Amino acid sequence: MEETCTFEQLTISRSLIERLKNSNITTPTPVQQQVIPHILNNENVLFQSETGTGKTLAYLLPLIQLFADSHIQDKKSKILVIAPTYELSSQIKSVIQSITDTKCTLCIGGTQIKRQVEALKEKPFIIVGNPARIVELIRLKKIKTESIKAVVLDEIDRLTSKEISHETATLLQLLPANKQTIGCSATVSKQTKQFIEKIINTTPQVIELPLEDVLKHRITHMAFYAERRDKIDTLRQILNAIQPKKAIIFTSRQDQVINITSKLQYKKILCEGLFAKADKKDRKTVIDHFKSGVCPILVTSDLASRGLDIPGITHIIQMDLPADADFFIHRAGRTARANTTGINIVIGDEYELQHFAQIEKKLGIIVYPKQLYKGKIVAPLD
């Protein structure tokens, strides 16, 4: 499809286009150009596109256009959007509210179900939530499955991972056989494709956009050596050297989020930690502080690496390396969004830097070894 394609050519309604203009969105991204026609054609679609390429609008725009009118008429048709985390679900709801006035309800575990039941009485057009809570509401007969016209699985590779694939499968089996099924992520594995084909008993239209090589061309990758016991001190020195405008610090271990945050705060470095088990209100406050710039540094586990679109992130710092290269892609992909550039830093011991070399080769990126010298970041000294 030509790069000059417009939303009008994609047959998106004038009202939606006007709302997009209010958000300074005037031209569809490549993934939107490819995906929107298939969804408007009522096809089951599974699509893969790099982080920051506009996947959320790629499915929301056509679905709203397909079903909003019928919902207004009969108050029954509904769209389900399923996401693995509270943060991503909240973000999706915000995008929905920016482009349509139709009702949208957030149904997430860990919060009072009573409030969600009351909200569902308002007959929302779109329900956003996680698999377990949606299944619970269906079994309580608070969501009538016969009204579900389409279901979206955002970050589908996470939703079909070993930890929550059973919940996702249960949900899909409870929904009507004739629903439209859509899945998307920055990484879609062969196992995910097989999972969806088995559940929906058909082969979806698979769309895999060619890599824009964001990791290779718009992100600078750096590696710092540090023994495990010295990592937080190395992190502190790096932060003092770069003075990041907005940075996310990733660690694979939940308990290390608390440890890193407290030690940085003790050294008067302004930061906040995002904990998976924290109260939803506290997590929202932390994200809001980070988004607004009130707090420039966010320390988190891989909870925040999936799908969150926070503008202006200049640096990613990884305190360890995930075993799966896909997690590395999702972490690094939090920066260099919307045609910007960014820096991805890995602080690793000898074993981790050997693993980083393997990831470097697999992804075709260039990693620059760095060290600290007199408070500055320099190439290794001879």
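These remarks concern the structure in this document. Please read these numbers as outputs of a predicted model, since none were measured by experiment. Throughout, a residue's number is its position along its own chain's written sequence, starting from 1. Reporting of local features is limited, given that this is a predicted model, to residues whose pLDDT is at least 70; pairs of side-chain atoms are given and counted only at 80 or more, and all residues count toward the totals for whole chains, interfaces and linings. The side-chain values count all of the structure's non-hydrogen atoms but skip hydrogen atoms and water molecules.

With that settled, consider the overall build of the protein. Note on conventions: DSSP H or I runs of at least 4 residues are helices, E runs of at least 2 residues are strands, and numbering of each starts at the N terminus. Along the protein, the regular secondary structure elements total 15 helices and 15 strands. With C-alpha atoms as the basis for the radius of gyration, the globule rule is written as 2.2 Å multiplied by the number of residues raised to the power 0.38. Computed over C-alpha atoms, the radius of gyration of the protein comes to 21 Å, within 12% of the 21 Å expected from 2.2 N^0.38 for 382 residues, which places it in the range of a compact globule. Dimensions along the principal axes, computed over C-alpha positions, put the protein at roughly 70 × 50 × 40 Å. Counting the 382 residues in the protein, one finds 52% classified as buried. Contacts spanning at least 24 positions in sequence make up 73% of the contacts within the protein whose residues lie at least 6 apart. We get accessible surface area from the Shrake-Rupley algorithm with a probe of 1.4 Å; when it comes to residues, only the shown protein chains can shield them. For the protein, the accessible area works out to roughly 18400 Å², and carbon and sulfur atoms hold 49% of it. Only protein chains enter the accessibility calculation, which uses a 1.4 Å probe; a residue is then buried when its area is under 20% of its type maximum, exposed when over 50%, and partly exposed in between. Here a residue-residue contact requires only that any non-hydrogen atoms of the pair lie within 4.5 Å.

For Phe, Tyr and Trp, where Trp contributes only its six-membered ring, two rings pair if their centres lie within 6.5 Å, and the inter-plane angle classes them as stacked under 30 degrees, edge-to-face over 60, or tilted in between. This structure, assessed with the given rule, holds one aromatic pair. Aromatic pair F328 and F356: ring centres 5.7 Å apart, planes at 55°, arrangement tilted. Of this pair, F328 sits in helix 14 (residues 325-332) while F356 sits in helix 15 (residues 350-363), and the two are 28 residues apart along the sequence. Here F328 falls in the buried class, since its relative accessible area comes to 0%. What makes F356 buried here is its relative accessible area of 2%. Positioned above the aromatic ring of F290 is the side chain of K246, whose terminal nitrogen or guanidinium carbon lies 5.7 Å from the ring centre. Placement of a charge over a ring requires the Lys NZ or Arg CZ to be within 6 Å of the ring centre, with the centre-to-atom vector within 35 degrees of the ring normal.

Looking now at the sheet that holds strand 7 (residues 205-208). A pair of strands is considered paired only if DSSP assigns at least 2 bridges between the two. The seven strands lie next to each other as 3-4-2-5-6-1-7, forming an open sheet whose pairing is parallel. Edge strands, defined here as strands with exactly one partner in the open sheet, are strand 3 (104-107) and strand 7. Ignoring which end each strand starts from, the neighbouring axes of this sheet average 15° apart. With four bridges joining them, strand 1 (residues 45-48) and strand 6 (residues 180-185) adopt parallel strand pairing. If you follow L46 over to strand 6, its bridge partner there is G183. Helix 4 (residues 86-99) rests against strand 2 (78-82), strand 3, strand 4 (126-129) and strand 5 (148-154) of the sheet, and its axis sits at about 180° to strand 3. Angles here are taken between N-to-C directions and fall from 0 to 180 degrees, while the axes themselves are lines fitted to C-alpha atoms, restricted in helices to the stretch in contact.

Sheet strands associate in pairs through backbone hydrogen bonding, adopting either a parallel or an antiparallel arrangement. Read from one edge to the other, the open sheet built from eight strands follows the order 10-11-9-12-13-8-14-15, with strand pairing classed as mixed. What marks the edges here is a single partner per strand, and that holds for strand 10 (272-274) and strand 15 (376-378). Geometrically, the sheet is characterised by an average inter-axis angle of 30° between neighbouring strands, direction not taken into account. Sheet topology places strand 12 (residues 315-318) next to strand 13 (residues 342-348); four bridges connect them, and they run parallel.

With respect to the secondary-structure elements, H221 resides in strand 8 (residues 219-225). Judged by its relative accessible area of 1%, H221 falls in the buried class. What qualifies as a polar contact is a pair of N or O atoms within 3.5 Å, subject to a donor-acceptor requirement within protein and to the restriction that residues adjacent in sequence count only when both atoms come from side chains. At 2.7 Å, the side chain of H221 and the backbone oxygen of L215 are in polar contact. Of the polar contacts made by the side chain of H221, one reaches the side chain of N344; its length is 3.1 Å. Other than its neighbours up to four places away in sequence, H221 contacts L215, F328, N344, I365, I366, V367 and Y368.

The next point concerns helix 2 (residues 30-40). Considered for burial, the residues of helix 2 that qualify are V31, Q32, Q33, V35, I36 and I39. Phi turns positive, to about 65°, at N42, one or two residues after helix 2.

Along the chain, the position of I64 falls in helix 3 (residues 55-74). I64 sits in the buried class, given a relative accessible area of 4%. Along the primary structure I64 and I113 are separated by 49 residues, whereas in three dimensions their C-alpha atoms are 26 Å apart. When neighbours within four sequence positions are excluded, I64 is seen to be in contact with L16, I79, I99, T100, F125 and I126.

For the purposes of this section, nonpolar cores are sets of buried Ala, Val, Leu, Ile, Met, Phe, Trp, Tyr and Cys residues that join through side-chain atoms within 4.5 Å. Counting 42 residues, the largest nonpolar core has F47, Y59, L61 and I126 as the members making the most contacts within it. Looking at this core, the element that brings in the most residues is helix 3, giving nine residues.

A few words now on the packing of helix 1 (residues 14-22) against helix 4. It is the contact of helix 1 with helix 4, at a shortest axis distance of 8 Å, that shows an interaxial angle of 115°. Contact with helix 1, carried on its side by L16, R19 and L20, involves Q97, S98 and I99 of helix 4 and no other residues of that element. Among the residues forming the contact of helix 1 with helix 4, the class breakdown is three nonpolar, two polar and one charged. Note on residue categories: nonpolar means Ala, Val, Leu, Ile, Met, Phe, Trp, Tyr, Cys or Pro, charged means Asp, Glu, Lys or Arg, and polar means any other residue, Gly included.

For the rest of this paragraph, the subject is the pattern of salt bridges. Pairs can form between side chains of opposite charge whenever their charged atoms are close. Each salt bridge in this description consists of a side-chain nitrogen of Lys or Arg and a carboxyl oxygen of Asp or Glu lying within 4 Å of one another. In this structure the tally under the stated criterion is 16 salt bridges. The closest approach of N and O atoms between K193 and E208, which form a salt bridge, is 2.8 Å. Residue K193 is located in helix 9 (residues 190-200), and its partner E208 is located in strand 7; the two are separated by 15 residues in the primary sequence. K193 sits in the partly exposed class, given a relative accessible area of 22%. Under the relative-accessibility criterion, E208 is labelled partly exposed at 43%. A single network of salt bridges, built from pairs that share partners, joins R228, K231, D349 and E352.

These figures capture arrangement, not role.
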